[in-house]
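# Working through the structure, step by step
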Amino acid sequence: MAVVAEECCDGVAALLARRWSGGGVDRDWWKWEGAKDGVFTVNKAKTLIYDRPSAGTAMKMEWVGWTPLKCKILVWRAGLNRLPTKVELVKRGISLDNLSCPLCDADQETAMHLFTGCLYTSEIWSRVGAWCRLSPIYAFEVADLIMLADNQMKNKKEIQIIQGIIFTTIWSIWNERNARIFNNKSRRAIELAENVKVSTFFWIRHRSRLKGVLALRTACGALG
Ligand SMILES: [Zn+2]
C-alpha cells in the first residue's frame, strides 16, 4: 500500500482534530465522525487519509515490504526531515559546538547531506547500486531515494526488493552515524555496504514471503 507521507500526517492530524463529543454527566466518551454510522474501521480511516488533499511534498512512502517497521519509520522521518541531525537539533535550541557530518567531516550534518550529499555515503550508494545492477544513483534529497525503486524497476517484486534495500541502506547509514557519535566506533564504506547485504539477506530470509536468496538473485541480478 502506497501512502503519501504528507497526506498521512494530515490524515492523522485530522483524526486527532475530530470534534470532541463527550462531556456527559456520568462519563465522557469519544465519538467517531469519520463515517455516517459512527463505527470506526481501519478502512474508513484510510479513506479519510487518502481523501485529504496533499499539503506539500508528493513523496510516496511504501509501508509494505520486508524491512522492519522501525526501519520504515526511520526512512519516513528522514524523508520529512524529522531526524535529529545536528543542524536540526541546533534549530531546536540545543547547543552544539560541532555541526560537522560525522561520516565525512566536510559539511554540516543535515538529513539531505547524510543520505545524498556525503562522500562517504556516495561510496555506499555506488556499491549498493552496482550490487543491484541499478542505473547510477543520483539523489538530491531523501525523497529521491524513497522513489528510486519505483523509477528504476518495472515489476512489483523488483520494486519491493530494491525498495527494501534502499531502506536498509538508509537505516545502516543512520546507525553508522550514531555509532560514530555515541560509541566512537566507525566502519569503512565498503564494510557498511557489506553490512547492507547481510541485513538484506537476513531480513528477506526471515521476514518476507519471497523465496529466499534465489528470489533475490533473480530479482536483483547477480549479487556479489
Ligand atoms: Zn558527510
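The sections below set out a description of the structure shown in this document. Residue positions are counted from 1 within each chain, in the order its sequence is given. Given that the model is predicted, a residue must reach a pLDDT of at least 70 before its local features are reported, and side-chain atom pairs must reach 80 or more before they are shown or counted; all residues, however, enter totals for whole chains, interfaces and linings.

### Examining the overall build of the protein chain
Per the convention used, a helix needs a DSSP run of H or I reaching at least four residues, while a strand needs a run of E reaching at least two, with both numbered from the N terminus. Scanning the protein chain for helices and strands turns up 11 helices and 2 strands. For the protein chain, the α and β elements follow one another from N to C terminus as β-α-α-β-α-α-α-α-α-α-α-α-α. Here the C-beta atoms are placed from the backbone, and a residue counts as buried if at least 20 other C-beta atoms lie within 10 Å of its own, exposed if 12 or fewer do, and partly exposed otherwise. In the protein chain, which comprises 224 residues, the proportion classed as buried is 30%. If you take every contact in the protein chain between residues at least 6 apart in sequence, the share linking residues at least 24 apart comes to 60%. We call two residues in contact when their backbone-placed C-beta atoms lie within 7 Å.

### Some remarks on unusual backbone geometry
Positive phi, close to 60°, is recorded for Asp105, a residue that is not glycine. Counting through the fold element by element, Asp105 comes out in the loop between helix 4 (86-91) and helix 5 (111-117). Here Asn184, not a glycine, exhibits a phi torsion of approximately 55°, which is positive. The residue Asn184 is located in the loop between helix 9 (156-182) and helix 10 (189-207) in this model.

### Concerning the environment of Ile181
Among the secondary structure elements, Ile181 is positioned in helix 9. For Ile181, a count of 12 C-beta atoms within 10 Å puts it in the exposed group. Distance in space between the C-alpha atoms of Ile181 and Cys101 is 9.9 Å, their sequence separation being 80 residues.

### Focus: helix 6 (residues 119-131)
For helix 6, built from 13 residues, the straight-helix expectation of 18 Å at 1.5 Å per residue is met to within 8% by its first-to-last C-alpha distance of 19 Å. Among the residues of helix 6, Tyr120, Thr121, Ile124, Trp125, Val128 and Gly129 are the ones counted as buried. Along helix 6, the residues classed as buried sweep out an arc of 165° about the axis, all on the same side. In the core, the buried residues of helix 6 are packed alongside helix 5, helix 9 and helix 10. Of the residues flanking the end of helix 6, it is Arg133, one or two places downstream, whose phi is positive at about 55°. Each helix should span, by expectation, one fewer than its residue count multiplied by 1.5 Å. The arc in question is traced by the directions running from the helix axis to the C-beta atoms.

### Focus on the packing of helix 6 against helix 10
Only the stretch in contact is used when a helix axis is fitted, and all axes are lines through C-alpha atoms; the angle between N-to-C directions ranges over 0 to 180 degrees. Contact geometry for helix 6 and helix 10: axes closest at 9 Å, N-to-C directions at 45°. Classified by the interaxial angle, the pair formed by helix 6 and helix 10 is oblique. As for the relative orientation of helix 6 and helix 10, their crossing is right-handed in sense. Packed against helix 6, whose contacting residues are Tyr120, Glu123, Ile124, Arg127, Val128 and Trp131, the element helix 10 presents Ala189, Ile190, Leu192, Ala193, Val196 and Lys197 at the interface. Amino acids outside the nonpolar list (Ala, Val, Leu, Ile, Met, Phe, Trp, Tyr, Cys, Pro) and the charged list (Asp, Glu, Lys, Arg) are all regarded as polar, and Gly is one of them. For the contact of helix 6 with helix 10, the per-class residue count stands at 9 nonpolar, no polar and 3 charged. In these notes the angle categories are as follows: under 35 degrees is roughly parallel, over 145 is roughly antiparallel, 65 to 115 is roughly perpendicular, and the rest is oblique. Left-handed describes a crossing whose near helix is turned anticlockwise from the far helix through less than a right angle; right-handed describes the clockwise counterpart.

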